[in-house]
Amino acid sequence: MALMFLNGGAMRGEPLHHLLDGAPLVASTATAPKYRFYSVGGQCPALVPVAHGGAAVAGEVYDLTLDALRDRVLPAEPPELELGVIELADGSSAFAMLLRRPQTSHVQLRDITEIGDWRAYRAAAS
């Protein structure tokens, strides 16, 4: 089992939640304040670790099997994202999807760090 921080379409009530294959929710939490938060083409969120100027980002942590991560979650992620390890608010670590570096596409990025929550961003954008 692996702890996976989710902050987009696979959270509870979102359209990709079924990809978690019944993985249990461990916590509703946030990252440590070490990340910039972006909307990738208005379709998905992405975290970027930074040394300065970061903020906490809201999300959910699931206890996901590595098989579900490999076979269901990762194949559904857009090419602009890659798997990484982040720090959570309590100092522990979890897998998460990060903006691929170097950036490999020309999809528009919008810095939504001040909002810090994908659902709040989407609600404000609609």
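Residues numbered from 1 in each chain as written. Predicted model: local features only at pLDDT ≥ 70, side-chain atom pairs only at ≥ 80, totals over all residues. Heavy atoms only, no water.

Let's talk about the overall build of the chain
The test is simple: Under the scheme used here, helices are H or I runs from DSSP no shorter than 4 residues and strands are E runs no shorter than 2 residues, and both carry numbers assigned from the N terminus. Each radius of gyration is computed over the set of C-alpha atoms, and the globule rule expresses the reference value as 2.2 Å times the number of residues to the power 0.38. The buried label goes to any residue with under 20% of its type's maximum accessible area, the exposed label to any with over 50%, and the partly exposed label to all in between, with areas taken from a 1.4 Å probe on protein chains only. Contact definition: two residues touch when any of their heavy atoms are within 4.5 Å. All accessible-area figures derive from a Shrake-Rupley calculation using a 1.4 Å probe, and residue coverage is judged against the displayed protein chains alone. When charges are counted, neither His nor the chain ends are considered; positive counts come from Lys and Arg and negative counts from Asp and Glu. Taken as the charge location is NZ of Lys, CZ of Arg, CG of Asp or CD of Glu.
Broken down by element type, the chain carries 2 helices and 8 strands. Its helices and strands in sequence order give the chain the pattern β-β-β-β-β-α-β-β-β-α, from N to C terminus. The C-alpha atoms of the chain give 13 Å as radius of gyration, which agrees with the globular expectation for 126 residues (14 Å, within 12%). Each of the three principal axes of the chain carries a C-alpha extent, and together these read 30 × 30 × 30 Å. Split into buried and exposed, the 126 residues of the chain put 40% on the buried side. Counting contacts in the chain only where the partners sit at least 6 residues apart, residues at least 24 apart contribute 66% of the total. Carbon together with sulfur atoms contributes 53% to the accessible area of the chain, which is approximately 6600 Å² in total. For the chain, the separation between the mean place of its 10 positive charges and that of its 14 negative charges on side chains is 4 Å.

Describing the nonpolar core
Cut-off, in case you're wondering: Working definition of a nonpolar core: buried Ala, Val, Leu, Ile, Met, Phe, Trp, Tyr and Cys residues. They are joined through side-chain atoms within 4.5 Å.
Of all hydrophobic cores here, the largest spans 20 residues; its most connected members are M4, L6, L20, V40, L64, V73 and L81. Taken together, the elements giving at least two residues each to this core come down to β1 (2-6), β3 (35-40), β4 (44-49), β5 (58-64), α1 (66-76) and β7 (93-99). Setting aside residues no more than four positions away along its own chain, L6 makes contact with M11, L20, G59, E60 and Y62. Core analysis: the second largest hydrophobic core is formed by 14 residues, V57, L88, W118 and Y121 among them.

Considering the pairing of β3
We count it as follows: Here a strand pair is declared whenever DSSP counts at least two bridges between the two strands.
The buried fraction of β3 amounts to 5 of the 6 residues, a majority that puts the element mostly inside the structure. The pairing of β3 with β4 spans 6 bridges and is antiparallel. Across the sheet, the residue bridging to S39 is P45, located in β4. Hairpin connection from β3 to β4: 3 residues lie between these consecutive antiparallel strands, with G41 at a positive phi of about 60°. Across 3 bridges, β3 lies against strand β8 (residues 109-111) in antiparallel orientation. In the strand pairing of β8, Y38 is matched with D111.

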